[in-house]
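If you want the building blocks of each chain, they are given just below.
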Amino acid sequence: MSSVLGLKCMKCGREYDPSATRYVCPTCGNDGILEVLYDYDRIRTVLTTEQLENDPDLSMWRYLALLPVEERPPSLTLHIGWTPLYASKRVGPQLGLPHVWFKDDGRNPTASLKDRASAIAIAKAAEFGEHIITAATTGNAGSSLAGLAANAGVAAYIFAPVSAPAGKIAQLRVFGSHLFLVDGNYDQAFDLCMDATERFGWYNRNTAFNPYMVEGKKTVALEVAEQLRFEAPDKVIVSVGDGCIVSGVAKGFRDLLTLGLIDHVPQLIAVQAEGCAPIARAVISGEPVTYLENPTSCADSIVAGIPRNHLMAVRDIRSSGGMAVTVSDDEIIDAIGFLGRNEGIFAEPAAAASVAALRKLADGGDVHQEDRIVVLITGNGLKDVQNALKVKGTSMTIPPIIDAVEQAIADGF
Ligand SMILES: Cc1ncc(COP(=O)(O)O)c(C=O)c1O
Ligand SMILES: N[C@@H](CCOP(=O)(O)O)C(=O)O
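In this text, all values refer to a predicted model and were calculated from it rather than measured experimentally.

Cut-offs used in this document
Residues numbered from 1 in each chain as written. Chains lettered and ligands numbered in written order. Predicted model: local features only at pLDDT ≥ 70, side-chain atom pairs only at ≥ 80, totals over all residues. Heavy atoms only, no water. 1 Å grid on protein atoms, 1.4 Å probe; cavity = no way out; pocket = protein on both sides within 12 Å on 5 of 7 lines; lining within 4 Å. Points joined across faces, edges and corners; volume = space filled by probe spheres on them. Helix = DSSP H or I, 4+ residues; strand = E, 2+ residues; numbered from the N terminus. Nonpolar A, V, L, I, M, F, W, Y, C, P; charged D, E, K, R; others polar. Near = heavy atom within 4 Å. Polar contact = N/O pair within 3.5 Å; in protein donor to acceptor, adjacent residues only side chain to side chain. Areas by Shrake-Rupley, 256 points an atom, 1.4 Å probe, with all protein chains shown as cover. Sits in = over half its atoms within 2 Å of the grid points.

Using a probe with the size of a water molecule, rolled over the atoms, empty space left in the structure can be pinpointed. Its boundaries defined by the atoms lining it, the largest pocket holds a volume of some 280 Å³. Forming the walls of the largest pocket are 18 residues, and the residues nearest its centre are Ser163, Ala164, Pro165, Ser297 and Asp300. If you list the elements that add at least two residues to the lining of the largest pocket, you get α7 (186-200) and α15 (385-388). Residues that form the lining of the largest pocket fall into these classes: eight nonpolar, seven polar and three charged. Taken together, 14 residues line the second largest pocket, and the ones lying closest to its centre are Asn30, Asp31, Tyr291, Pro307 and Arg308. Breaking the lining of the second largest pocket down by element, the ones donating at least two residues are α7 and α12 (310-319). Across the lining of the second largest pocket, the residue classes tally to nine nonpolar, three polar and two charged.

The immediate surroundings of ligand 1 are formed by 15 residues, with Lys114, Gly241, Asp242, Gly243 and Thr378 found nearest. At 2.8 Å from an oxygen atom of ligand 1 is found a side-chain nitrogen or oxygen belonging to Asn140. Contact with the protein chains hides 97% of the accessible area of ligand 1, taken as 380 Å² for the molecule alone. Of all the cavities here, the one that holds ligand 1 is the largest cavity. When the residues that make up the shell around ligand 1 are grouped by side-chain class, the tally is five nonpolar, seven polar and three charged.

As structure tokens, this is what we get:
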């Protein structure tokens with residue numbers, strides 16, 4: 001049985017019955033993003049540390065009591081969540097930070113954190129009796145929905161910019177989605193997807209518009225807390241595009257605080273690329289978000305000039321006592337190699353942006369030796385090999401002759 005009490009508009013505060021309202025606040029429109037309200041008194045009786053310790057289900061569904069679904073969708077058998085939280089072996093120590101962890105969400109079935117939200121989309125579509133689900137995407141949300149839809153046996157209609165990285169487009173094709181490659185950017189693909197949804201009546205997974213996506217994304221925070229034995233970290237570094245993951249992380253920690261399972265919400269450090277930083281700039285300046293018409297960055301996943309969840313994201317970053325950082329494309333590419341060769345973790349550019357931020361914060365004295373810091377690795381590097389190849393590695397081309405190897409080694413290779 002779901003513990004959802006209702007949906008509350010973050011703008012006007014009106015509350016709605018989830019059986020009558022599916023998406024945004026009917027009064028405030030698209031700015032009226034709805035937040036899911038829970039019966040925490042009931043959840044407190046079923047979600048305890050003892051219950052979790054004895055739960056053999058090592059996936060996101062171990063937190064079912066804190067999710068807005070009736071049941072784990074029987075049709076969805078892919079393993080989602082409970083991704084590794086690695087204590088940093090060399091990156092943290094090299095930066096003078098002995099307490100750093102990487103949460104490797106690239107280990108999800110379609111290789112990004114987005115699977116957590118898509119799983120909830122599959123579950124809600126089943127509850128509503130919908131068989132076609134749609135999403136706009138820079139590549140990850142769409143390939144995630146496509147993969148999970150293929151597993152669950154429902155259809156996915158996806159709108160992605162034609163410039164999306166080849167690995168993500170390959171996933172979208174392989175998973176059999178109905179793929180519209182939009183000759184425009186992500187923001188335009190989003191608007192088109194919304195128009196199409198209205199015309200064709202599909203179930204809409206789109207960020208912010210669908211109030212349940214944040215709930216799926218929050219499971220990453222629930223896992224981090226449990227993996228740290230409910231000693232919440234001091235800081236969590238999150239790369240930000242539309243601002244839905246960062247709000248999910250905030251919601252997850254807030255839920256645990258309300259349940260008395262942790263004693264504080266970590267400071268959220270939002271990271272954006274210099275070429276697309278509307279949320280970061282708003283957090284830094286204290287001004288409202290200004291949209292960008294031509295955002296650019298190699299970190300395609302966080303290129304959202306019109307961040308759809310900005311109101312909630314800015315609120316959540318500020319109320320956590322957090323901050324925002326911007327990083328350049330060069331710093332991002334460099335961070336892919338820094339993380340890869342020091343930890344053996346392969347991050348796509350948007351995910352490596354968090355590592356670039358950690359480095360910048362350490363260099364600037366904005367994080368400290370005693371800080372317990374979790375860095376979210378939100379997507380796997382194999383999704384974007386073209387950018388990964390910009391990392392300077394140690395390779396040389398040789399003829400297939402042993403003497404060539406000997407010579408190379410003698411030369412110090
Ligand atoms: C790998 C990766 N990192 C970070 C983000 C940013 O998430 P959000 O758009 O919810 O801020 C995304 C997608 O949006 C992503 O795919
Ligand atoms: N960058 C995102 C855009 C939308 O993601 P969502 O999960 O917030 O809908 C992507 O990965 O496609």
